[in-house]
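One letter stands for each residue in the lines below.
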Amino acid sequence: MNTLDAQTWLDDHGDYLFRVARRQLHSDELAEDAVQETLLAALTAQARYSGDASPRTWLTGILKHKIVDQIRRSVREVEIPRDHEGMEAVDSLFKQDGHWAEPVRPWGDPHSEAELSQLRRTLDLCADRLKPSMAQVFSLREVGGMETEEICKELGITPTNCWVLLHRARLFMRQCLELNGFSKAGAA
Amino acid sequence: MKWMTTCKETTELASRAMDEHLPFADRVALKLHLAMCKNCARFAQQLQEMRLQFRSETVADDDTPGLAQEARQRIANKLQNKPNS
């Protein structure tokens, strides 16, 4: 009966859980692992499932922890750059005197569900293109909602490094969105 | 911290403000700059918008790919083989 339930969860919520995980992990493989670990953990923990929350909410709660675990694990395999990587990319966005090189265009108001889903898709696409070190810090912070202090501790980097990575990641994300056409043309 | 920050410095402050409570002088410098600079004000606003979108619930029926058939099968096998504890 246990495995039967887990199979039902997989059938009913597998795609959903995978999408949630994929958005934060930027990898099909890691997302699949996170979903698998979630269902295995759910199987073990199902006695504690009170039925107050919907199965999806309950599973998503477990998934969140598994995602952070995955990011932690993958961070150990990636060198956190402590040098000036990405510095030039940041410099190129600004003039010598520190002003923006190009005007910052507004995104327009994503009113309709279609526009909103377009924005989200582009955000995901851009996050996938972040350098691994930036992607991890950015995902833990912006998607996972972890505090920077926690992130520094987890990754073994200084707060300054953390802020630098986040600042660069955010500048990159904004730039990427604009390059992908997500700005109101001519509204500068 | 000087009172008049450049746009580049302001993006650093705006980014940090997303993560922690800034010291008073930085907060004033940021506010002052954002009040006068449309570009940086948009940047700061877009950081908020980005966070909002990333933290919003994934839509169940959105059209990004879900689990591939093979992946689904792999997971199903794992679940089958898990010994009941």
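Residues numbered from 1 in each chain as written. Chains lettered and ligands numbered in written order. Predicted model: local features only at pLDDT ≥ 70, side-chain atom pairs only at ≥ 80, totals over all residues.

Colleague: Help me out: how do you make sense of the overall build of chain A in this one?
Modeller: In terms of helices and strands, chain A carries eight helices and zero strands. Going from the N terminus to the C terminus, chain A shows its helices and strands as α-α-α-α-α-α-α-α. The buried share among the 188 residues of chain A stands at 38%. Long-range pairs, those at least 24 residues apart, make up 72% of the contacts in chain A between residues at least 6 apart in sequence. (Helix = DSSP H or I, 4+ residues; strand = E, 2+ residues; numbered from the N terminus. Buried ≥ 20, exposed ≤ 12 C-beta atoms within 10 Å, placed from the backbone. Contact = placed C-beta atoms within 7 Å.)

Colleague: Help me out: how do you make sense of the overall build of chain B in this one?
Modeller: Within chain B, the regular secondary structure consists of four helices and zero strands. Its helices and strands in sequence order give chain B the pattern α-α-α-α, from N to C terminus. By residue count, 29% of the 85 residues in chain B fall in the buried class. A separation of at least 24 residues holds for 57% of the contacts in chain B among residues at least 6 apart in sequence.

Colleague: Sorry if this is basic, but what is going on with the domain arrangement of chain A here?
Modeller: All names here are of chain A. Taken domain by domain, chain A comprises domain 1 (2-77) and domain 2 (87-179). If you average the C-alpha positions of domain 1 and of domain 2, the two centres end up 26 Å apart. With nine residues of domain 1 at the interface, the matching set in domain 2 holds 11 residues. Going through the elements one at a time, α1 (2-25) and α3 (55-77) are the ones with two or more residues in the side of domain 1 that touches domain 2. A total of six residues in the side of domain 1 that touches domain 2 trace back to one element, the largest contributor, which is α3. (Domains from an automatic or database assignment.)

Colleague: Could you clarify how one ought to interpret the nonpolar core in this entry?
Modeller: Side chains of a nonpolar character, in soluble globular proteins, are inclined to be buried together. Residues A:Leu17, A:Ala21, A:Val35, A:Leu39, A:Val137, A:Phe138 and A:Ala169 are the most contacted members of the largest nonpolar core, which totals 59 residues. Taken together, domain 1 (2-77) and domain 2 (87-179) of chain A each give at least three residues to this core, which thus spans both. With residues up to four places along the chain from it excluded, the contact list for A:Val35 reads A:Gly14, A:Leu17, A:Phe18, A:Ala21, B:Leu67 and B:Ile75. (Core = buried A, V, L, I, M, F, W, Y, C linked by C-beta atoms within 7 Å.)

Colleague: Would you mind going over helix α8 (residues 159-179) of chain A with me for this structure?
Modeller: In an α-helix, one turn spans 3.6 residues, which is why side chains three or four residues apart end up on the same side. Given a rise of 1.5 Å per residue, 21 residues ought to cover 30 Å, and the 30 Å separating the end C-alpha atoms of α8(A) matches this to within 8%. Within two residues after α8(A), A:Gly181 carries a phi angle of roughly 80 degrees, on the positive side. (Expected span 1.5 Å × (residues − 1).)

Colleague: How should the interface of chain A and chain B be read in this particular structure?
Modeller: Each side of the interface is counted separately: chain A has 45 residues, and chain B has 37 residues. Of all the secondary-structure elements, those providing two or more residues to the side of chain A that touches chain B are α1, α2 (28-45), α5 (113-129), α6 (132-143) and α8 of chain A. Top element by residues in the side of chain A that touches chain B is α1(A). It accounts for 12 residues. Considering only residue class, the side of chain A that touches chain B consists of 22 nonpolar, 12 polar and 11 charged. (Nonpolar A, V, L, I, M, F, W, Y, C, P; charged D, E, K, R; others polar.)

Colleague: So what exactly am I meant to see when it comes to the environment of A:Ala45 here?
Modeller: In this fold, A:Ala45 is placed in helix α2. Taking the C-alpha atoms as reference points, A:Ala45 and A:Ile62, separated by 17 residues in sequence, lie 9.8 Å from one another.

Colleague: Hey, could you run me through unusual backbone geometry in this one?
Modeller: Phi is mostly negative for residues that are not glycine, and the peptide bonds are mostly trans. Even without glycine at this site, A:His26 takes up a positive phi of about 60 degrees. Relative to the helices and strands, A:His26 resides in the loop between α1 and α2.

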